[in-house]
Amino acid sequence: MSQLSNPMQRGLSQKNISARHIVAIVISALIYGATIYISRYFPIKIGTVQAIYPAAVFAPLFGIWFGLWGSAGLVVGNVLSMLVVGMNPAVYPLALLAQFAMGFIPGVMFRKVKLESVKDRVHFIVVVILGMVAGTALVALNLILFQKVPANVVWSTVWAWMQVSNTLTAAILSPLLFSWMSDYMNKSGLFFKRFWG
Amino acid sequence: MQLYYPSNSIIHYMHGFSKILIFGILLTLIPLFMEQPISLLLLLFLCAALFSYIRPPKTHLLLLIPVGLLAVMMSTTYFFADMGGQVYLHMDFGYWMFQISSGNILFAVTFILRMMIWSLLFFILLFTTSPEDLVIGLKRFGLPEFLTLAVSLALRYWSLMIFDVKTVMDAQYCRGVDFRSGGLLTRTKRFASLLIPVLFVFLKRFRTTSFALTLKGVGRKNKRTYYYNPRLSAIDSWAISSAALLTAAWLTLQWLYKL
Amino acid sequence: MIRFDNYSCRYESGKEPLLHTLNLQINPGEFVFVTGPSGGGKSTLCFSINGLIPNEMEGSLYEGSVTVDGINVQQTFPYDLVSVVGTVLQDPEWQLVRGTVKEELTFALENMGVPVEEIDRRLAQVAEQVQIKPLLLRSSLELSGGQKQRVAIAACLMMQPKVIVLDEPTAELDPMGKEMVMETICELHREWGYTVVFVDHNLDVTLPHASRVIVVANGRIIADAPPSRLFDQQAVRKLLPMPQVVHLSRQLGVRSPDGGDPLTVAELEEELARRLGTRAPLAGTNNEQLIRDEPARSGKPIIELKQVRFKYKKHDTDLTIKPVDLRIMQGEFTAIIGHNGAGKSTLCKLITGLLKPSSGEVLIHGKQANSYQAEQRVRHVGFVFQNPDFQFVRRTVYDEVAYGLHIQRLKAEEIDVRVRQVTKLLNIDNYLNEHPHFLSRGERRRVAIASILALEPEVIILDEPTTGLDSLRCQEMMSYIRKLWQKGHTIILLTHDMRVVADYVPRTIVMSGGQIQWDAPTRDIFAKKEELHRHQITLPPVVELSYALGWSVPSLTSEEFIAHMDREEGVIETAAEGVLR
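Sequence order as written defines residue numbering, which begins from 1 separately in each chain. As a convention, the first chain written is A and the first ligand written is 1, with the rest following in written order. Two thresholds apply to this predicted model, a pLDDT of at least 70 for residue-level local features and 80 or more for giving and counting side-chain atom pairs, whereas whole-chain, interface and lining totals are computed over all residues. For side-chain calculations, the full set of non-hydrogen atoms in the structure is used, while hydrogens and water are omitted.

Trainee: Just to check I follow, could you spell out the overall build of chain C for this structure?
Mentor: Looking only at helices and strands, one finds 21 helices and 20 strands in chain C. Note on method: radius of gyration uses C-alpha positions; expected globular size equals 2.2 Å times residues raised to 0.38. Over its C-alpha atoms chain C spans a radius of gyration of 26 Å, differing by no more than 12% from the 25 Å that the globule rule assigns to 581 residues. With the C-alpha coordinates aligned to their principal axes, the bounding extent of chain C is approximately 75 × 70 × 50 Å. Only the protein chains shown count as covering a residue, and every accessible area follows the Shrake-Rupley method with a 1.4 Å probe. A total of about 22500 Å² of accessible surface is found on chain C, and carbon and sulfur atoms cover 47% of it. The convention is simple: Lys and Arg are positive, Asp and Glu are negative, and His and the chain ends are not counted. Positions of charges follow a simple convention, taking NZ of Lys, CZ of Arg, CG of Asp or CD of Glu. Of the charged side chains in chain C, 64 are positive and 76 negative; the average position of the first set lies 5 Å away from that of the second. Helix and strand definitions here come from DSSP, where helices need a minimum of 4 consecutive H or I residues and strands a minimum of 2 consecutive E residues; each element is numbered from the N-terminal end.

Trainee: Hey, could you run me through the pairing of strand β13 (residues 333-337) of chain C in this one?
Mentor: The two faces of the sheet receive side chains in turn, since in a regular strand these alternate between them. Residue and element names in this part refer to chain C. The cut-offs for exposure are 20% and 50% of the maximum accessible area for each residue type, with area from a 1.4 Å probe on protein chains only; residues under the lower value are buried, those over the upper are exposed, and the others partly exposed. Most of β13 sits inside the fold, with five of its five residues counted as buried. Bridge analysis of β13 against strand β18 (residues 490-494) gives four bridges, and the strand direction is parallel. Following the sheet pairing, I336 is matched in β18 by L494. Inspection of the sheet shows β13 paired to strand β19 (residues 507-512) by four bridges, in the parallel sense. Bridge assignment links A335 to a residue of β19, and that residue is T508. Strands qualify as paired when DSSP identifies two bridges or more between them.

Trainee: Where do I start with the interface of chain A and chain B in this structure?
Mentor: Reports of interface size often rely on the accessible area that becomes lost once the parts have come together. By definition, residues are in contact when any of their heavy atoms lie within 4.5 Å. Contact residues are listed per partner, giving 65 residues for chain A and 68 residues for chain B. Salt bridge, as used here: a side-chain nitrogen of Lys or Arg that lies within 4 Å of a carboxyl oxygen of Asp or Glu. Taken together, the links from chain A to chain B amount to one salt bridge. The salt bridge involving E35(B) is made with K148(A); its shortest N-O contact spans 3.2 Å. Residues adjacent in sequence count toward polar contacts only when both atoms are side-chain atoms; beyond that, a polar contact is any pair of N or O atoms within 3.5 Å, and within protein one must be able to donate a hydrogen and the other to accept it. Scanning the region where chain A abuts chain B turns up nine residue pairs in polar contact (both at pLDDT 80 or more).

Trainee: Help me understand the UniProt feature "transmembrane region" (unreviewed entry) in chain B, please; the structure alone is not making it clear to me.
Mentor: All names here are of chain B. UniProt positions are given in the numbering used here, feature names are shortened, and annotations may be inferred rather than shown by experiment. Within the UniProt annotation, "transmembrane region" (unreviewed entry) is assigned to residues 12-32, 61-81, 105-129, 141-159, 194-215 and 235-257. Secondary structure within residues 12-32 divides into 90% helix and 0% strand; the distance between the first and last C-alpha atoms comes to 26 Å. The straight-line gap between the two end C-alpha atoms of residues 105-129 is 36 Å; of that span, 96% is helix and 0% is strand.

Trainee: Explain the sheet that holds strand β16 (residues 381-384) of chain C here, please?
Mentor: Within a sheet, adjacent strands bond to each other through the backbone by hydrogen bonds, running parallel or antiparallel. Residue and element names in this part refer to chain C. Taking strand neighbours across the sheet as the criterion, the six strands line up as β16-β17-β18-β13-β19-β20 in an open arrangement whose pairing is mixed. Two strands bound the open sheet, and with one partner strand each, they are β16 and β20 (515-521). Ignoring strand direction, the axes of neighbouring strands in this sheet form an average angle of 15°. Summarising the sheet, β16 and strand β17 (residues 459-463) pair through four bridges and their orientation is parallel. In the sheet register, V384 faces β17, and the bridge partner there is L462. Inter-axis angles, ranging from 0 to 180 degrees, are taken between N-to-C directions of lines fitted to C-alpha atoms, where helices are fitted over the stretch in contact. Sheet strands in contact with helix α15 (residues 441-453) are β16 and β17, and its direction is about 165° off that of β16. The strands that helix α16 (residues 471-486) touches are β13, β17 and β18; relative to β18, the one it contacts most, it runs at about 150°.

Trainee: Sorry if this is basic, but what is going on with the interface of chain C and chain B here?
Mentor: Each partner contributes residues to the interface: chain C has 68 residues there, and chain B has 51 residues. We define buried area as the total accessible area lost by two parts upon association, computed with a 1.4 Å probe and summed across both. Here chain C packs against chain B, burying approximately 5500 Å² in sum over the two surfaces, 61% of which is carbon and sulfur. Per-residue buried area on chain C facing chain B is highest for Y79(C), W94(C) and F390(C); these three make up 17% of the total on that side. The interface formed by chain C and chain B holds six salt bridges in total. Among the salt bridges present, the one from K349(C) reaches D170(B), with a minimum N-O distance of 3.8 Å. Linking chain C with chain B are 25 residue pairs in polar contact (both at pLDDT 80 or more). Listed by contribution, the elements that provide at least two residues to the side of chain C that touches chain B are α1 (42-50), α3 (101-112), α4 (116-129), α11 (344-352), α12 (374-380), α13 (397-407) and α15 of chain C. Put simply, Ala, Val, Leu, Ile, Met, Phe, Trp, Tyr, Cys and Pro go in the nonpolar bin, Asp, Glu, Lys and Arg in the charged bin, and everything else, Gly too, in the polar bin. Classifying every residue of the side of chain C that touches chain B by side-chain character gives 36 nonpolar, 15 polar and 17 charged.

Trainee: Looking at this structure, I do not really get the UniProt feature "domain: ABC transporter" (unreviewed entry) in chain C. What am I missing?
Mentor: The residues that UniProt annotates with the feature "domain: ABC transporter" (unreviewed entry) are residues 2-243 and 303-538 of chain C. Split by type, residues 2-243 of chain C is 33% helix and 25% strand. Its first and last C-alpha atoms lie 28 Å apart.

Trainee: Looking at this structure, how should I read the confidence of the model for chain C?
Mentor: Regions with low pLDDT carry predicted coordinates that are not meant to be interpreted in detail. All names here are of chain C. Put simply, chain C has an average pLDDT of 86, and 93% of its residues get 70 or more. Averaged pLDDT values over the elements of chain C bottom out at 66 in helix α21 (residues 558-580) and peak at 95 in strand β3 (residues 31-35). How sure the predictor is of each residue is captured by pLDDT, a score from 0 to 100. Every residue in residues 278-295 scores below 50 in pLDDT, and together they form 45 contacts with partners more than four places removed in sequence or on other chains. At the level of chain-chain contacts, confidence expressed as ipTM amounts to 0.87, with global pTM at 0.86.

Trainee: How should the pairing of strand β6 (residues 85-88) of chain C be read in this particular structure?
Mentor: Residue and element names in this part refer to chain C. A two-sided burial pattern is seen for β6, the buried positions comprising V85 and T87 on one face and G86 and V88 on the other. Pairing of β6 with strand β7 (residues 163-167) involves four bridges; the strand directions are parallel. Paired with G86 across the two strands is I164, which belongs to β7.

Trainee: Hey, could you run me through α11(C) in this one?
Mentor: Within an α-helix, residues lying three or four positions from one another point in the same direction, as the helix has 3.6 residues per turn. Residues and elements named next belong to chain C. In terms of residue burial, α11 counts as a mostly covered element, since eight of its nine residues are buried. Along α11, the residues classified as buried are K344, T346, L347, C348, K349, L350, I351 and T352. One or two residues past the end of α11 sits G353, with phi positive at roughly 90°.

Trainee: Sorry if this is basic, but what is going on with the packing of α13(C) against helix α14 (residues 412-425) of chain C here?
Mentor: When two helices pack together, you describe them by how their axes are tilted relative to each other and by the distance separating the axes. Residue and element names in this part refer to chain C. Contact geometry for α13 and α14: axes closest at 10 Å, N-to-C directions at 130°. Looking at the two axes, α13 sits oblique to α14. Two packed elements cross with a definite hand, and for α13 against α14 that hand is right-handed. Across the interface between the two elements, Y398, V401, A402, L405 and H406 of α13 pack against I415, D416, R418, V419, R420, V422 and T423 of α14. Should an angle fall under 35 degrees it is taken as roughly parallel, and over 145 as roughly antiparallel, whereas 65 to 115 is taken as roughly perpendicular and any remaining angle as oblique. Crossing handedness is read from the near helix: turned anticlockwise from the far helix by less than a right angle, it gives a left-handed crossing, and turned clockwise, a right-handed one.

Trainee: What exactly am I supposed to notice about the packing of aromatic side chains here?
Mentor: Think of a pair of aromatic rings as described by two things: how far the centres are apart, and how the planes are tilted against each other in angle. Stacked, tilted and edge-to-face are the three classes applied to pairs of Phe, Tyr and Trp rings, where Trp contributes its six-membered ring and a pair requires centres within 6.5 Å; stacked means planes under 30 degrees apart, edge-to-face means over 60, and tilted covers the rest. Under the criterion given, the structure shown has 36 aromatic pairs over all chains. Ring-pair connections join several aromatic residues into one group, and the members of that group are F58(A), F62(A), W65(A), F66(A), F110(A), F124(A), F178(A), F192(A) and F206(B). Above the ring of F438(C), the side-chain terminus of K187(A) is found at 4.6 Å from the ring centroid. We note R395(C) situated over the ring of W180(A); from NZ or CZ to the ring centre the distance is 4.8 Å. By definition here, charges over rings are those cases where NZ of Lys or CZ of Arg is within 6 Å of the ring centre and within 35 degrees of the ring normal.

Trainee: Help me out: how do you make sense of the nonpolar core in this one?
Mentor: Nonpolar side chains tend toward joint burial in soluble globular proteins. Core analysis: the biggest nonpolar cluster contains 222 residues, and W65(A), F66(A) and L203(B) have the highest contact counts within it. Considering each element in turn, this core owes the most residues, 19 residues, to helix α3 (residues 54-84) of chain A. Residues within four places of L203(B) in sequence aside, it is in contact with I27(A), I31(A), F66(A), M181(A), Y184(A), M185(A) and L190(A). In terms of nonpolar packing, the next biggest core, distinct from the first, is built from 68 residues, V401(C), L405(C), V419(C) and M498(C) among them. The definition of a nonpolar core used throughout is a set of buried Ala, Val, Leu, Ile, Met, Phe, Trp, Tyr and Cys residues joined through side-chain atoms within 4.5 Å.

Trainee: When you look at the pattern of salt bridges in this model, what are you seeing that I'm missing?
Mentor: If charged atoms from side chains of opposite charge come close, those side chains can pair. Residues and elements named next belong to chain C. For the structure shown, the criterion picks out 38 salt bridges over all chains. R212 is the partner of D224 in a salt bridge, and the nearest nitrogen-oxygen pair spans 2.8 Å. Separated by twelve residues along the polypeptide, D224 in strand β10 (residues 220-225) and R212 in strand β9 (residues 212-217) bring together distant segments of the chain. Residue classification places D224 among the partly exposed positions, given a relative accessible area of 36%. A residue is classified by how much of its surface remains accessible, and R212, at 11% relative accessible area, is buried.

Trainee: Help me understand the side chain of R205(B), please; the structure alone is not making it clear to me.
Mentor: Tracing the sequence through the fold places R205(B) in helix α9 (residues 184-214). Not counting chain neighbours up to four residues away, the residues in contact with R205(B) comprise I27(A), D164(B), D91(C) and W94(C).

Trainee: When you look at the environment of K133(C) in this model, what are you seeing that I'm missing?
Mentor: Residues and elements named next belong to chain C. Residue placement: K133 occurs in the loop between α4 and α5 (145-158). Given the relative accessible area of 57%, K133 is considered exposed. Expressed as a C-alpha distance, the spacing of K133 and L123, which sit ten residues apart in the sequence, is 9.3 Å.

Trainee: Hey, could you run me through the environment of V308(C) in this one?
Mentor: All names here are of chain C. As for its placement among the helices and strands, V308 is situated in strand β11 (residues 301-310). In this structure V308 comes out as buried when scored by relative accessible area, which is 0%. Sequence separation between V308 and Q234 is 74 residues; the distance between their C-alpha atoms is 53 Å.

Pasting the structure below:
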């Protein structure tokens, strides 16, 4: 019946990894890298930690918009920002995994392009917080295992502050930015409906 | 990202794979298993010698400044814990404490030395390897095609991205937005005024890039040809063996004598 | 070669089809020029040929079929179609995906699994065809816009396609870049017999080269005719402003021997010469009385540059801006022209304070420019960027225009008044609640201008405000800008569009190599024909024609030219009548 009322056909369905998936990685990586770049112009630091880490705001969004591919893009973006300042990504394996987690966890748990109800909002914030807590824990572990920073300092100072600079910032700003962009993402057709693309 | 510069050092002629393996992994492992500052200092000199051998241009030398600053800043975290030794200064801030002691200083110096060694090694890799060779090197490590393509695209677009971000900042400045004044809230708001155009500018390019790749045959199922596919040479085999031997020797020495 | 059978397509979410049902056949070896208003369906037509619709563009639906060289496009993935249809996109920067030119050329063949020896063979052939051999080892970042598009065309040819589809490949290029791309395409069509589908707005440049023109508007083919017969159709005349040569020939009642419109300056000149026959030559004629109002230089200087020098990096040996002295008076309308890299944008960034001069002084109202705070400065000088997307931060047009006013902490009532005033002036008051990113390119530019205009700057600098707009939108945009000038704003226009300069701007500054070469009334500038060519500046057709007819002072607009011709013909006829008597 619907066939009769709408005789128009869809294109062929794409099964393998296509240009769209690769570009999702690249665009996420570039925007993520760009925000880290812009952070330099926002010189409010508390000790060694950036007061607000804007890249954290984007991480859940790319996981949700572009699924697995956006999460992979966060890793590539972070590697790029490391290259510029001569930081060897090989020494930060858990920190790279952390970037992935910050996108992956919200991405796999929340697959909508819009926040339509209060329940959606709460769900969104919870998944963002989960992703951030897991991600920051991995960053902390990297500091302990590879940079050999004492564990008590990492957990009491660095990780504690990251809950403000990353988790809290993302919990407040990510939903705002997500709502802000939802119209565009919806109409432009860039949103990946499935996590695997 | 213009870190690579062509020159005629032996390292320049090596395969990307060898350089990633040697400078990015094997030699990078050594400082992780080095506890004594004197050993680290010696290694730092060796790395500096290698670094000067590749004769980086003056502008590239400047890149060591932010790395140095970052290392110093990160090393300050040691002063928030008691790492033992003679205490010169101690301050309590309730939950946190700040202490300057011989132990803290020793750990901080060790950390800075380790960071500088890693950076020098990594710069040797980046300065002597073109993005194309870097990607070919990564591919030899078994990275999937789509990921190496994504990395090479990100490297290709990086400088365009920096240019675009600067233009967005200029455009906002022309509307009276000043990023270096005002309180935390004002700055945060102004900062957000940057992120949104950046996001749109890049998302709008999603389609062009995706179409461009598809129209160049990305996504086809056939076997791919590699037009530029350099082979590992005798220099590579020699260099990899030496680096592996050096790493193994050091790990043994470290295990035996705790150097 | 290409065949559309009862084909139509639309977006799943859209109400209106992108293309209404159409039937079309394009024969091998044709050069088809597809034109029409923005958003009318030109790109959709292209993407239906290369298969991006429906197999790459998410949510697109189709009915009917398109076949290229016997292959059903809808049943083939676009990446499998690349050896039949080659495509060049609009954005010169982002469609090149590899680091060097050579890598760019070999990339598609690597993906297709072509053996290395064959890649080498094709590389040698294409480098010869498109003459890019010297560029092969260069990074694509170092190339000019025109060279980048030439590389994109070459990359297409590597796949040995039967058809080349070009979607507005010259829209973002300077005149030299446009010429370079056109030359390459024409050569490929003429010498190598490629079937070309070329989408563009610029009728002045493209029309003479095409063998057939298809006009697409509102998703329908409005006209399909040979270029010289295109404007015989009333629907086309309503939809598209005529290219200057066609406009002039129609005004003068000149037709080619085949009954069509002359399409080039040379053709029109030939017809005019034939028509004037043995009449007295027009050389040396003066048309002083037609010269328009010259710039109001009597006003107070608002911007002054004194011996300003600039270089981007301390260690650079060459100056980007060599010592420049410049004075812009209140209420002037000035164009700054010059090829890419001539220093136009750098000069304007120095004026707006985005860059600080290495030495010399930039004065605004006689005061050092850097003594103004960012907020104060925007009240004196506003800069509208070429790409409006760089500045949009809000979700509605209203909020976007009000944004700068909020930064200045004005009262809500005043903000409301100013927003409504400027949006009305620029005719975007119907879109106040629309998302700026969903407006057309021309509308987005107007929102960008409005958001600067709302700050009430005395000087407005506009960077390429007409680039990428179709002819009608270009005329509209320029009439808005003229309106701002008439309201008393000082306007500085950075542009590559010489027809815009000739039609609207009284004073022109020519920049080259970081220096001001000439600064004079526009007519005097266009009188330097040979010198302008040396600085890679092409003249508008009407100016070329004036010279071709041997006039010492060129006409700048079609109207001037026709008035001049009428006068001349009147003089000649009176003289002839006198002789007869």
